[in-house]
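One letter stands for each residue in the lines below.
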Amino acid sequence: MKNIITRYTKYCLLLALLGTSSCSKNFGDINTDPSLVAKPDVKYLLSYSQDKMITYQGTEWVYESMEQLMRFTQSVTTSPYEITSNVNTRYNNYYLQILPNLFEIRKQADLMTNKDQYQRIKAVTYVMQVLHGIKVTDMNGSIPYSQAIQGRYETMYSPVFDEQPALIDNWLAQLNDAIKVLSDNTLPTQIDYGTSDIFYQSDWVKWIKLANTLKLRIAARLENADLAKCKTVFQEVLKDPTGPINSDDSQVKYLNTTYSPFGSSSDVDYRSRRYASTSIMTFLKKSNDPRLPVYFETNDLVGTFKDSLAFYHVTLPAFIDPNDPLIRFQGGPADWTTNPTVAAYIGNSFNIGPYTKYNLISAINRKFFSPKLNNATDNFLDVSVTYAETCFYLAEFIQKGYAGGIDTKGTAEDWYKKGITTSIQTNNAIAIAAASGTAYTGTGIPEINAYLNNTNVKFNGSNDLERIYIQEYLSMYRQPNEAFVFCRRTGYPKNTSAYYARENFNELIPRRFWLLDPGEVNRANWSAAMQQQGFTPNAQDLPTLSTQRIWYDKTAPDFGKGL
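How each quantity is defined
- Residues numbered from 1 in each chain as written.
- Predicted model: local features only at pLDDT ≥ 70, side-chain atom pairs only at ≥ 80, totals over all residues.
- Heavy atoms only, no water.
- Helix = DSSP H or I, 4+ residues; strand = E, 2+ residues; numbered from the N terminus.
- Buried < 20%, exposed > 50% of the residue type's maximum accessible area, 1.4 Å probe, protein only.
- Contact = heavy atoms within 4.5 Å.
- Areas by Shrake-Rupley, 256 points an atom, 1.4 Å probe, with all protein chains shown as cover.
- Lys, Arg positive; Asp, Glu negative; His and termini not counted.
- Charge placed at Lys NZ, Arg CZ, Asp CG, Glu CD.
- Arc of directions from axis to C-beta.
- Core = buried A, V, L, I, M, F, W, Y, C linked by side-chain atoms within 4.5 Å.
- Polar contact = N/O pair within 3.5 Å; in protein donor to acceptor, adjacent residues only side chain to side chain.
- Axes fitted to C-alpha atoms, helices over the stretch in contact; angles between N-to-C directions.
- Parallel < 35°, antiparallel > 145°, perpendicular 65-115°, else oblique.
- Left-handed = near helix turned anticlockwise from the far one by under 90°.
- Nonpolar A, V, L, I, M, F, W, Y, C, P; charged D, E, K, R; others polar.
- Salt bridge = Lys/Arg side-chain N within 4 Å of Asp/Glu carboxyl O.
- Expected span 1.5 Å × (residues − 1).
- Phe/Tyr/Trp six-rings, centres within 6.5 Å; stacked < 30°, edge-to-face > 60°.

## Some words on the overall build of the protein chain
- Looking only at helices and strands, the protein chain has 22 helices and 6 strands in total.
- In terms of overall dimensions, the protein chain has C-alpha extents of about 80 × 50 × 45 Å along its principal axes.
- Taking all 563 residues of the protein chain together, the buried fraction comes to 60%.
- Restricting to contacts in the protein chain with at least 6 residues of sequence separation, those with at least 24 account for 78%.
- For the protein chain, the exposed area adds up to about 22,000 Å²; of that, 50% sits on carbon and sulfur atoms.
- For the protein chain, the distance from the average site of its 55 positive side-chain charges to the average site of its 55 negative ones is 1 Å.

Here is the structure:
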């Protein structure tokens, strides 16, 4: 499909929005150019934004998720590379590739003679822009929103940076309005997107469910900053007749048979291969988690390795139990400086003879992330908003007593079990599409039931909230931003836990990213936003980024210091 916005127009939109320049001199000429499409098909405009919401993330996976966020959450261990300017691509892509078409859909819908039949088509665009907007504010705090994209329609090239409380109020209002429109059965017959809606094929009920799950996502972020509003939003979702995402079928899925975020080469290993941390590997093994072979590859300790060790009179390093039934899965320290003896085997082989060597530490399951690795032809399935996420928010908030007597349609334990079940099933589906290691064959019911009944997993009346937290964390392995936000807002996994302890980590961890001086056109608004948030302008150093927090994060615990 072809986006109606020319490359030059897109460039102007970005510059106008970010304030780095102004294209106002030629803007009128561009908008009256007869070579431009004057009346685009709104269906394809949505497809473009949906596609870009997923496919812009190639660079993000390498430089931000795997090198930084997944390391900070201790989902993986890898070389401690510096944070580069390649992070935070979420910001520019929001204004360049996602928002413009959503605004254009609404504009074109309002120009229709039968515009009353386009109300649901318009409602969906607000759900879309809130979905990615949350991710943008997560690492940036105040961002342009209420005046965003007005450079295109109203020659507004200096948008204000909306503060986070205002952003959240605006998003909640937009989600509520969208739910109202999508639920209104008195509307005239509505035009739909058909199959051009990549996510839901114009199933309006599923869009309502997504909107409600996004409200839960917002409620979780509000918990430390405004607990009363967090509870109110949670209770609104509980009272909604449709409710949030409540099945695997209503998750936000994106399947592309040609796309892979790491291409067809070994870019998944770019700059460094990533490995299992000791903490995540220890828990997955002791709980016999079916996701273990989905998340991580096996090491080289297979077959007759014991005979080879005996022949060369060599013993395995002390951190490996030679009788471990899961010996082929081993983790390394999240921070290499805390255990250099084990860290020496990360990326380096254990040599026992002139021709015999073994890699001991388990790498991430590279095919799970990069299904076209080594020119394979398997498929990339992304599930950006999961049923598991909904389940664990419900379990967490019910366990904390936030429901206020409203029907929760199950106990915290019920939702906890549903969350675990769908997490295993969803990750297995991603693995099958990628032709990587799987959690089970067949229905998976025996494996899932065994896991739910494992003493390390089932509710015990003692640390049930922590168990919810840990399963919530584990379920977000393929959602690096959500996992980072979770660890940042809760302080779990907790340093001192006897159940699942966060490892010692000596590095500073950024609580936010940075937005550089946009230039003269919008410098005043940018400066005001930096000052209001207490941010050091243009700072990119870890001592600063690790201490300056966005609004909803200001009262959250430090990493590993959950209550």
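## A closer look at helix H21 (residues 523–533)
- Looking at H21, one finds that the buried residues are Trp-526, Ala-529, Met-530 and Gln-533. Viewed end-on, H21 has its buried residues packed into an arc of 100 degrees, placing them on one side of the element. Opposite its buried face, H21 presents the exposed residues Ala-524 and Gln-531, each directed more than 90 degrees away.
- Among the structural elements, helix H6 (119–140) and strand E2 (161–162) are those in contact with the buried residues of H21.
- A positive phi of about 75 degrees marks Gly-534, the residue just after H21.

## Observations regarding the nonpolar core
- Ranked by internal contacts, the top residues of the largest apolar core, which has 142 residues, are Trp-207, Phe-296, Phe-369 and Tyr-477.
- With 11 residues, the single largest contributor to this core is helix H9 (residues 204–222).
- Apart from residues no more than four positions distant in its own chain, Trp-207 is found in contact with Gln-50, Val-124, Val-127, Met-128, Leu-182, Asp-197, Phe-199 and Tyr-200.
- In this structure, Tyr-345, Ile-352, Leu-360 and Ala-363 belong to the second largest nonpolar core, which totals 17 residues.

## Observations regarding the environment of Thr-490
- In this structure, Thr-490 sits in helix H20 (residues 480–490).
- Overall, the relative accessible area of 6% leaves Thr-490 in the buried class.
- For the pair Thr-490 and Ala-434, spaced 56 residues apart in sequence, the C-alpha to C-alpha distance is 32 Å.
- Those residues in contact with Thr-490 that lie beyond four places of it in its chain are Tyr-469, Pro-557, Gly-562 and Leu-563.
- Among the polar contacts made by the side chain of Thr-490, one reaches the main-chain carbonyl oxygen of Phe-486 at a distance of 2.8 Å.
- A polar atom in the side chain of Thr-490 sits 3.1 Å from the backbone nitrogen of Tyr-492.

## Considering the packing of H6 against H9
- Their axes nearest at 10 Å, the elements H6 and H9 cross at an angle of 25 degrees. Considered as vectors, H6 and H9 are oriented roughly parallel to each other. Judged by the sense of rotation from one axis to the other, the crossing of H6 with H9 is left-handed. The segment H6 lies against H9, with Arg-120, Ile-121, Val-124, Val-127, Met-128, Val-130, Leu-131, Ile-134 and Asp-138 engaging Trp-204, Trp-207, Leu-210, Ala-211, Leu-214, Arg-217, Ile-218 and Arg-221.
- Across the contact of H6 with H9, the residue classes break down as 13 nonpolar, no polar and 4 charged.

## A closer look at the pattern of salt bridges
- Applying the stated rule across the entire model yields 33 salt bridges.
- Here Glu-297 makes a salt bridge to Arg-366, at a shortest N to O gap of 3.2 Å. Separated by 69 residues along the polypeptide, Glu-297 in the loop between helix H12 (292–295) and helix H13 (305–311) and Arg-366 in helix H15 (residues 366–369) bring together distant segments of the chain.
- Here Glu-472 makes a salt bridge to Arg-489, at a shortest N to O gap of 3.3 Å. Of this pair, Glu-472 sits in helix H19 (residues 464–475) while Arg-489 sits in helix H20, and the two are 17 residues apart along the sequence.

## Re the environment of Arg-549
- Checked against the element boundaries, Arg-549 lands in the segment after helix H22 (542–545).
- Along the primary structure Arg-549 and Phe-535 are separated by 14 residues, whereas in three dimensions their C-alpha atoms are 8.0 Å apart.
- Ignoring any residue separated from it by four or fewer positions in sequence, one finds Arg-549 in contact with Arg-511, Gln-533, Phe-535, Lys-554, Ala-556, Pro-557 and Asp-558.
- Only 3.1 Å separates the side chain of Arg-549 from the backbone oxygen of Asp-553, close enough to count as a polar contact.

## A few points about H9
- Over its 19 residues, H9 extends 27 Å from the first C-alpha to the last, a length consistent with the 27 Å expected when each residue adds 1.5 Å.
- In terms of burial, H9 is largely enclosed, as 18 of its 19 residues are buried.
- One side-chain oxygen at the N-terminal end of H9 lies 3.2 Å from the backbone nitrogen of Val-205; it belongs to Asp-203.

## Some details on the packing of aromatic side chains
- Scanning the entire structure with this criterion turns up 31 aromatic pairs.
- Here the aromatic rings of Phe-392 and Tyr-416 are separated by 6.5 Å at their centres, their planes lie at 70 degrees, and the arrangement is edge-to-face. Residue Phe-392 is located in helix H16 (residues 387–399), and its partner Tyr-416 is located in helix H17 (residues 412–434); the two are separated by 24 residues in the primary sequence. Of the two residues examined, Phe-392 and Tyr-416, each falls in the buried class.
- Each member of the aromatic cluster is reached from another via a ring pair, and the members are Trp-61, Phe-262, Tyr-295, Phe-296, Phe-368, Phe-369 and Tyr-477.

## Considering the packing of H16 against H17
- Interhelical geometry of H16 versus H17 gives an angle of 160 degrees and a closest axis separation of 8 Å. Accordingly, the angle class assigned to the pair H16 and H17 is roughly antiparallel. Considering how the two elements wind past one another, H16 and H17 form a crossing that is left-handed. Each of Tyr-387, Ala-388, Cys-391, Phe-392, Leu-394, Ala-395, Ile-398 and Gln-399 in H16 lies in contact with H17, whose residues at this interface are Ala-412, Trp-415, Tyr-416, Lys-418, Gly-419, Ile-420, Thr-422 and Ser-423.
- Residue classes in the contact of H16 with H17 are distributed as 11 nonpolar, 4 polar and 1 charged.

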